Amino acid sequence: MLGLLGDEWTLLVIQQALLGATRYGEFAARLPISNSVLTRRLRALTADGLLTRRSYRTNPPRAEYLVTPRSRSLWPVLVSIWEWERHWVTDHAERVPGMRHTACGGDFAPLLTCRWCSETVSEKDVVAQWGPSGSWPRSMPIATTRRRSEADQRDAAAGLFPQTMSVLGNRWGCALLVAAFIGTSRFTDFQTTLGAPPGSIADRLQIFNSTGVLAAAGNRYRLTEKGRAFFPVLICALQWAQRWFRAPEGPAVIITHVSCGRQFTAVLSCDQCARPLTGAHIEAVLP
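Everything numeric here is computed off the predicted structure, so don't read it as measured data. Numbering of residues starts from 1 in each chain and follows the order in which that chain's sequence is written. Local features in this predicted model are restricted to residues whose pLDDT is 70 or higher, and side-chain atom pairs enter the listing and the counts only when it is 80 or higher, whereas totals over whole chains, interfaces and linings include all residues. The side-chain numbers reported here are obtained from all heavy atoms of the structure, hydrogens and water having been left aside.

Student: Before we move on, can you summarise the pairing of strand S9 (residues 253-257) with the specific residues and values?
Tutor: Of the two faces of S9, only the one carrying Val 253, Ile 255 and His 257 is buried; Ile 254 and Thr 256 on the other face are not. Here strand S6 (residues 126-130) runs beside S9; their pairing, made up of five bridges, is antiparallel. Bridge pairing in S9 places Val 126 opposite His 257. The classification of residues rests on relative accessible area computed with a 1.4 Å probe and restricted to protein chains. Under 20% of the type maximum is buried, over 50% is exposed, and intermediate values are partly exposed. Runs of E in the DSSP output that reach at least two residues are strands. Runs of H or I that reach at least four are helices, and both are numbered from the N terminus. Being paired, for any two strands, means DSSP has found at least two bridges between them.

What follows is the structure in structure tokens.
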């Protein structure tokens, strides 16, 4: 999951594809991205099965990039990131657009709900445990996510998902935040649980403390309200990964909704009309 989603431009290209962009020029016009980076991302997304390339002209050669079922099902992850960034992150170069639910006409915020009982769910309402294919070592990517070239880094100055990338864009960052959600709070416990280099743990703790995701108190680090609000992003990303990258022996993580006792399946619902959201019924509300 981190290898695919831990990259800002990957997420933004998929976001625009879900909003209707199909041709190279449309992506280039909508995103502050260089041609070289856009070309590499479109090629990588095609190879990973998140987009499919279809030629529509042979002379001169022209192609369009269409969403696949794998990328189409990413919309809950993107909507959760969208909501977290616009509500909790203030250092955007431009104001993050709002969201409108076209089915009811309301400007909305997504609610994380249980598919089976429809209750709104927070991290306090679920219990997580390793499944048959789960463990900390197995869940860690062998290497970090795609290395950014100098062009990538120049483009990234736009900072469209600046704080989301401090989590998803770093394998230790994502693992550390997950560990915090299950109760880990001491530096030595993070290091022991994750098997991470001390420098990596110290770096992520410093970043999360400075951005207000964690709060330091003595020798402990606790999730803040802002940190807890990232829970829907993690849950939607995990659910997407377990749908599309299934291990033969079973899921890596099993989450139970305590209230109804069933295995938790996340659904995003509209806070205005309470109906489940679909990607096709969400549009941006420009400032």
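Student: Describe the environment of Thr 120, with residues and values.
Tutor: Among the secondary structure elements, Thr 120 is positioned in the loop between strand S5 (110-114) and S6. As for Thr 120 and Ile 207, which are separated by 87 residues in sequence, their C-alpha atoms are 30 Å apart. Every residue pair with non-hydrogen atoms within 4.5 Å of one another is taken to be in contact. Discounting chain neighbours no more than four positions away, the residues touching Thr 120 are Leu 111, Leu 112, Thr 113 and Asp 125.

Student: Now, about the pattern of salt bridges: what can you tell me, with residues and values included?
Tutor: The salt bridge criterion pairs a side-chain nitrogen of Lys or Arg with a carboxyl oxygen of Asp or Glu, the two atoms within 4 Å. Here the structure, examined in full by the defined rule, presents seven salt bridges. Between Arg 54 and Glu 64 there is a salt bridge; the shortest N-O distance is 2.4 Å. In this pair, Arg 54 sits in strand S1 (residues 51-58) while Glu 64 sits in strand S2 (residues 61-67), placing the two residues ten residues apart along the sequence. A single salt-bridge network, built from bridges that share partners, covers Arg 100, Asp 107 and Glu 283.

Student: A description of helix H12 (residues 198-210) should follow, citing residues and the corresponding values.
Tutor: The end-to-end C-alpha distance of H12 is 18 Å, a good match for the 18 Å that 13 residues give at a rise of 1.5 Å each. Taken together, the buried positions of H12 are Ile 201, Arg 204, Leu 205, Ile 207 and Phe 208. Buried residues of H12, seen end-on, are gathered within an arc of 165° and therefore sit on one face of the element. H12 presents Gly 199 and Ser 210 as exposed residues on the side facing more than 90 degrees away from its buried surface. Those residues of H12 hidden inside the fold are in contact with helix H9 (164-168), helix H10 (171-181), helix H11 (187-194), strand S7 (214-217) and strand S8 (220-223). To estimate the expected span of a helix, subtract one from its residue number and multiply by 1.5 Å. Comment: arc refers to directions from the helix axis out to C-beta atoms.

Student: How would you sum up the state of the cysteines? Please name residues and give values.
Tutor: Two cysteine sulfurs form a disulfide in these notes if their separation is within 2.5 Å. On inspection of all chains with the given rule, the structure shows zero disulfides. The structure places no disulfide on Cys 114, whose sulfur is separated from the nearest cysteine sulfur, that of Cys 117, by 3.7 Å. With relative accessibility at 27%, the residue Cys 117 sits in the partly exposed group.

Student: Can you lay out the packing of aromatic side chains for me, pointing to particular residues and giving the numbers?
Tutor: Two aromatic rings from Phe, Tyr or Trp, using only the six-membered ring of Trp, form a pair when their centres are within 6.5 Å; if the ring planes differ by under 30 degrees the pair is stacked, by over 60 it is edge-to-face, and anything between is tilted. All chains considered together, the criterion is met by four aromatic pairs. On the basis of an interplanar angle of 50° and a centroid distance of 5.6 Å, the ring pair of Phe 181 and Phe 231 is categorised as tilted. Here Phe 181 is found in helix H10, whereas its partner Phe 231 is found in helix H14 (residues 231-244), with 50 residues between them in sequence. We classify Phe 231 as buried; its relative accessible area is 9%. With 5.6 Å between their ring centres and 65° between their planes, Trp 240 and Phe 245 make a pair best called edge-to-face. Look at Trp 240 and you get buried, because its relative accessible area is 3%. Taking relative accessible area as the criterion, Phe 245 reaches 39% and is therefore assigned partly exposed.

Student: Kindly report on the nonpolar core, identifying the contributing residues and their values.
Tutor: Put simply, a nonpolar core is a bunch of buried Ala, Val, Leu, Ile, Met, Phe, Trp, Tyr and Cys residues held in one set by side-chain atoms that sit within 4.5 Å of each other. One finds Leu 177, Leu 194 and Phe 264 to be the most contacted residues of the largest nonpolar core, which totals 78 residues. If we skip the residues at most four places from it in the chain, Phe 264 touches Leu 112, Thr 113, Cys 114, Val 121, Val 126, Ile 235, Gln 239, Ile 255, Thr 256 and His 257.

Student: Give me the lowdown on the sheet that holds strand S11 (residues 282-285), citing residues and values where you can.
Tutor: Across the sheet, three strands lie side by side as S4-S3-S11; this open sheet has antiparallel pairing. Looking at the sheet topology across the chains shown, the edges are occupied by strand S4 (106-107) and S11. Looking at chain direction, strand S3 (residues 98-101) and S11 are connected through four bridges and run antiparallel. Each residue of the ladder has a partner; that of Met 99, found in S11, is Ala 284. Of the strands in this sheet, S3 and S11 touch helix H6 (residues 75-88), which is tilted by about 135° from S3. To define axes, lines are fitted to C-alpha atoms, for helices over the stretch in contact only, and angles between the resulting N-to-C directions are given on a 0 to 180 degree scale.

Student: Please give an account of the packing of helix H2 (residues 8-18) against H6 that cites residues and values.
Tutor: Closest axis-to-axis distance for the H2/H6 pair is 11 Å, and the angle between their directions is 110°. With respect to their mutual orientation, H2 and H6 come out roughly perpendicular. Where H2 approaches H6, its residues Leu 11, Ile 14, Gln 15 and Leu 18 are matched on the opposing element by Trp 75, Leu 78 and Ile 81. Each residue gets one of three labels, nonpolar for Ala, Val, Leu, Ile, Met, Phe, Trp, Tyr, Cys and Pro, charged for Asp, Glu, Lys and Arg, and polar for the others, Gly among them. The residue inventory of the contact of H2 with H6, partitioned by class, reads six nonpolar, one polar and no charged. Here is the rule for angles: anything less than 35 degrees is roughly parallel, anything more than 145 is roughly antiparallel, 65 through 115 is roughly perpendicular, and the remaining ranges are oblique.

Student: Go over H2, please, and point to the residues and values.
Tutor: Most of H2 is tucked away, with ten of its eleven residues classed as buried. For H2, the complete set of buried residues consists of Glu 8, Trp 9, Thr 10, Leu 11, Leu 12, Val 13, Ile 14, Gln 15, Gln 16 and Ala 17. Under the rule applied, a polar contact is a pair of N or O atoms within 3.5 Å (in protein, one hydrogen donor and one hydrogen acceptor; residues adjacent in sequence only if both atoms are side-chain atoms). The N-cap residue of H2 is Asp 7: its side-chain oxygen and the backbone nitrogen of Trp 9 are 3.1 Å apart. Phi turns positive, to about 120°, at Gly 20, one or two residues after H2.

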